[in-house]
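Analysis of the macromolecular model
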Amino acid sequence: DVKVTQSSRYLVKRTGEKVFLECVQDMDHENMFWYRQDPGLGLRLIYFSYDVKMKEKGDIPEGYSVSREKKERFSLILESASTNQTSMYLCASSSGTGLNSNQPQHFGDGTRLSIL
Amino acid sequence: GQNIDQPTEMTATEGAIVQINCTYQTSGFNGLFWYQQHAGEAPTFLSYNVLDGLEEKGRFSSFLSRSKGYSYLLLKELQMKDSASYLCAVSGGSYIPTFGRGTSLIVHP
């Protein structure tokens, strides 16, 4: 089974801090995604990557950046955390060459991030 | 842009059948996914439709009509453990799935 592991289930940080959320997948998937999930808003795509060192903006990239130095690891960075970034963050991966594969996404258990 | 619409909440009785609808408007279409998400857990893949018609997988079936921009997830013989959120996701012209807001299904005895 595909395993997508997020480094923390719960995280509390302060406004203005730089925050790193880590995600690792063990199935050699090309594509990785970061979403945030908020009540009533569903899953919204922040950034995605279809290859090492490649990244693309999703629907809500403002205030975030990402890093993919190795195929298995995709990091989400909150450059200067703000209270409106309090949310559940979900990482996902999918297989296929580039994104033209339409394979289902496999999700991590999520990180519930609180910014105080 | 893409617009995906599904009901916010549904309730049903154990043993019954429930149909969760999803309508969409997208620029291009390359398939529709259904995921199940229990509270506090990761979404898990249920089904994928890219051609019109019904796909059956045990108690769960998913239907697609591309001309109508419409899909539904059918759950038969409902069990208490089916209480969860059901997420519809559409892969448009860019192949990046866009998620609806999810339907929270409550199954009661």
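A word on the overall build of chain A. Helix and strand counts for chain A come out as 0 helices and 12 strands. The C-alpha radius of gyration computed for chain A amounts to 13 Å, which stays within 12% of the reference 13 Å derived for 116 residues, consistent with globular compactness. A principal-axis box enclosing the C-alpha atoms of chain A has dimensions of 40 × 25 × 25 Å. A burial count over chain A gives 47% of its 116 residues as buried. Pairs at least 24 apart in sequence give 58% of the contacts found in chain A among residues at least 6 apart.

Right, let's get into the side chain of Gln-36 of chain B. Residue and element names in this part refer to chain B. Looking at the secondary structure, you find Gln-36 in strand E4 (residues 32-37). A polar side-chain atom of Gln-36 sits 3.0 Å from a polar atom in the side chain of Tyr-86. The contact partners of Gln-36, leaving out residues within four places of it in the chain, are Ala-42, Pro-43, Thr-44, Leu-46, Phe-60, Asp-82, Ala-84, Ser-85 and Tyr-86.

Here we come to the pairing of strand E6 (residues 53-57) of chain B. Residue and element names in this part refer to chain B. Sheet analysis places E6 next to strand E7 (residues 60-65), joined by 5 bridges and oriented antiparallel. Counterpart to Glu-55 in the pairing with E7 is Ser-62. Here E6 folds back onto E7 in antiparallel fashion, the turn holding 2 residues, of which Gly-58 has a positive phi close to 65°.

This part covers the pattern of salt bridges. Residue and element names in this part refer to chain A. Applying the stated criterion across every chain yields a total of 9 salt bridges over all chains. Glu-79 is paired through a salt bridge with Lys-18; the nearest N and O atoms lie 3.7 Å apart. Placement of Glu-79 in the loop between strand E9 (73-78) and strand E10 (87-94) and of Lys-18 in the loop between strand E2 (10-13) and strand E3 (19-21) is noted, with a sequence separation of 61 residues between them. Exposure remark for Lys-18: the relative accessible area of 46% places this residue in the partly exposed category. When salt bridges that share partners are traced, they join Arg-36, Asp-38 and Arg-44 into one network.

All names here are of chain B. Most of strand E9 (residues 84-91) is tucked away: 7 of the 8 residues are buried. The pairing of E4 with E9 spans 6 bridges and is classified as antiparallel. Bridging across to E9, Leu-32 finds its partner in Val-90. Direction of pairing for E9 relative to strand E11 (residues 103-108): antiparallel, over a ladder of 3 bridges.

Turning our eyes to something else, we now look at the sheet that holds strand E8 (residues 70-75) of chain B. Across a sheet, strands are paired by hydrogen bonds formed along the backbone, either parallel or antiparallel in direction. Residue and element names in this part refer to chain B. The 5 strands lie next to each other as E1-E3-E8-E7-E6, forming an open sheet whose pairing is antiparallel. Of all the strands in the sheet, the pair left with one neighbour each is strand E1 (3-5) and E6. Taking the axes of each pair of neighbouring strands and ignoring which way they run, one obtains an average angle of 15° across the sheet. As paired strands, strand E3 (residues 18-25) and E8 are joined by 6 bridges and run antiparallel to one another. By the bridge assignment for E8, Ile-20 is matched with Leu-73.

Once that is clear, we can look at the interface of chain A and chain B. Facing 19 residues of chain A, the contacting portion of chain B comprises 18 residues. Between chain A and chain B, the buried area comes to about 1600 Å², and carbon and sulfur atoms account for 58% of it. Taken together, the links from chain A to chain B amount to 0 salt bridges. Taken together, the connections running from chain A to chain B amount to 4 residue pairs in polar contact (both at pLDDT 80 or more). Looking at the side of chain A that touches chain B, the elements that each hand over two or more residues are strand E5 (31-38) and strand E6 (42-49) of chain A. In terms of residue count, the dominant contributor to the side of chain A that touches chain B is E6 of chain A (4 residues). The residue makeup of the side of chain A that touches chain B, split by class, is 9 nonpolar, 8 polar and 2 charged.

Residue and element names in this part refer to chain B. Taken as a whole, this structure holds 16 aromatic pairs over all chains when the rule is applied. Ring centres of Tyr-35 and Phe-99 lie 5.6 Å apart, and the angle between their planes is 45°; this geometry places the pair in the tilted category. Of this pair, Tyr-35 sits in strand E4 while Phe-99 sits in strand E10 (residues 97-99), and the two are 64 residues apart along the sequence. Residue Phe-99 is classed as buried on the basis of its relative accessible area of 8%.

Procedures and definitions
- Residues numbered from 1 in each chain as written.
- Chains lettered and ligands numbered in written order.
- Predicted model: local features only at pLDDT ≥ 70, side-chain atom pairs only at ≥ 80, totals over all residues.
- Heavy atoms only, no water.
- Helix = DSSP H or I, 4+ residues; strand = E, 2+ residues; numbered from the N terminus.
- Rg over C-alpha atoms; globule rule 2.2 N^0.38 Å.
- Buried < 20%, exposed > 50% of the residue type's maximum accessible area, 1.4 Å probe, protein only.
- Contact = heavy atoms within 4.5 Å.
- Polar contact = N/O pair within 3.5 Å; in protein donor to acceptor, adjacent residues only side chain to side chain.
- Pairing = 2+ DSSP bridges.
- Salt bridge = Lys/Arg side-chain N within 4 Å of Asp/Glu carboxyl O.
- Axes fitted to C-alpha atoms, helices over the stretch in contact; angles between N-to-C directions.
- Buried area = accessible area lost by both parts, 1.4 Å probe.
- Nonpolar A, V, L, I, M, F, W, Y, C, P; charged D, E, K, R; others polar.
- Phe/Tyr/Trp six-rings, centres within 6.5 Å; stacked < 30°, edge-to-face > 60°.

Read these as layout, nothing more, since geometry by itself doesn't imply function.
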